[in-house]
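# Understanding the architecture of this molecule
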Amino acid sequence: MNSLKFSKALKLSAIAATCFILTACTSQNKLPPQIDASGVGTGGHAAVFPHFLDKSQYPDYRTVVVAPPKEGSALFKNDVKIYKETRKLKGTQDWMDAAKGASLSADYLSQFYSPAFGIEITKEKTPWTYYLIQRVIGDAIDGGTRTPKKFYSRVRPYQYFGDRTCSTKEDDDKHIGSGSYPSGHSAYGYLLALILAEINPANQDEIYKSGIRYGYNRVVCGFHWQSDVDMGRRIAAYINARLHADKDFQTALANAKAEFAAAKKK
């Protein structure tokens, strides 16, 4: 390569590098779009949750989600055993934590995951991370667990045994007939753990533990069997893989990683 060509190539490289830096800075400073998340709270049964992908872009989970354990099977006996063991937790701190941990709101989940994540997650301090938490709920529930829930219509454990959950009677009544399998809370909670662990892989152990605890709270409370929660986590992995093929999700994730890196430098 002669000196003239080399000089032009060097200039083009410098221009490309400058554009990359400016683009990165712009995307890092750009705020995410607003989301209408009305109706998402304790028990959160909004008609349609915020989401990246329409449920039609996900597989028919009735073809990949096995049926819930049948009565009398070893897996069902294990569900019953765990349910009865967790009834002993009534009145303990675990029971009270489970009662508080039913919320699907972005504010609650940001607070829940912040200690494991390593920095405080808020709409103001980490807008892109908060945005991801707020937006993927529909992917996990509408795109993931809602169809098999309706298809299998599994009776919830507190109904099966004629018990009460750790929540209010109003909340118990609201969940009657809604289907137990798979757990939407677990799918959403563990999907967040997978996403947050990618943003901060150094803390992945603690983040995954928090994701597991979020689902386990539903078992402690009495809303779900253990196998409901296990399948919810499996669906979270399917959802996470599909989201990574979506450009809008990729952009939001890249911005969340950039804001995390900037926050760690402060």
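Structural data are supplied above this passage.
The sections below set out a description of the structure shown in this document. Worth saying up front: this structure is predicted, and the values here are computed from it rather than measured.

For the protein, the count of helices and strands is 12 helices and 0 strands. Reading the protein from its N terminus to its C terminus gives the helix and strand order α-α-α-α-α-α-α-α-α-α-α-α. Expressed as a percentage of its 266 residues, the buried residues of the protein come to 49%. Accessible area of the protein: about 13,700 Å², with a carbon and sulfur share of 57%.

Our focus in this paragraph is the environment of Thr 165. Among the secondary structure elements, Thr 165 is positioned in the loop between helix 7 (157-160) and helix 8 (169-175). Separated by 59 residues in sequence, Thr 165 and His 224 place their C-alpha atoms 9.9 Å apart. There is a polar contact of 3.0 Å between the side chain of Thr 165 and the backbone nitrogen of Ser 167. There is a polar contact of 2.4 Å between the side chain of Thr 165 and the side chain of Asp 172.

Moving on to the nonpolar core. With 51 residues, the main nonpolar core has Phe 52, Tyr 113, Leu 132, Val 136, Tyr 188, Ile 199 and Leu 243 as its most contacted residues. Of all the secondary-structure elements, those providing two or more residues to this core are helix 4 (106-117), helix 5 (127-135), helix 6 (137-152), helix 9 (184-199), helix 10 (204-221), helix 11 (226-243) and helix 12 (247-265). Broken down by element, this core gets its largest block of residues, 11 residues, from helix 9. Contact partners of Phe 52, with chain neighbours within four places excluded, come to Tyr 131, Leu 132, Arg 135, Val 136, Asp 139, Leu 243, Asp 246, Asp 248, Phe 249 and Ala 252.

Moving on, we come to the environment of Pro 32. With respect to the secondary-structure elements, Pro 32 resides in the loop between helix 1 (3-29) and helix 2 (74-86). A C-alpha to C-alpha distance of 6.1 Å links Pro 32 and Trp 128, two positions 96 residues apart in sequence. Pro 32 has contacts with Pro 127, Trp 128 and Tyr 131, leaving out every residue within four places of it along the chain.

Note the cis peptide between Tyr 181 and Pro 182, where omega equals -5 degrees. Of note in the backbone geometry, Ser 153 takes a positive phi value of approximately 45 degrees without being a glycine. With respect to the helices and strands, Ser 153 occurs in the loop between helix 6 and helix 7.

Here we come to the pattern of salt bridges. The final tally for this structure, using the stated rule, is 9 salt bridges. Residue Glu 120 pairs with Lys 125 through a salt bridge whose shortest N-O separation is 2.7 Å. Exposure remark for Lys 125: the relative accessible area of 58% places this residue in the exposed category. Taking the shortest distance from any N to any O, the salt bridge between Lys 169 and Asp 173 comes out at 3.0 Å. On the criterion of helical spacing, the pair formed by Lys 169 and Asp 173 is a turn pair, its members being 4 residues apart in helix 8. By relative accessible area, which is 39% here, Asp 173 ends up partly exposed.

Cut-off values and rules
Residues numbered from 1 in each chain as written. Predicted model: local features only at pLDDT ≥ 70, side-chain atom pairs only at ≥ 80, totals over all residues. Heavy atoms only, no water. Helix = DSSP H or I, 4+ residues; strand = E, 2+ residues; numbered from the N terminus. Buried < 20%, exposed > 50% of the residue type's maximum accessible area, 1.4 Å probe, protein only. Areas by Shrake-Rupley, 256 points an atom, 1.4 Å probe, with all protein chains shown as cover. Polar contact = N/O pair within 3.5 Å; in protein donor to acceptor, adjacent residues only side chain to side chain. Core = buried A, V, L, I, M, F, W, Y, C linked by side-chain atoms within 4.5 Å. Contact = heavy atoms within 4.5 Å. Salt bridge = Lys/Arg side-chain N within 4 Å of Asp/Glu carboxyl O.

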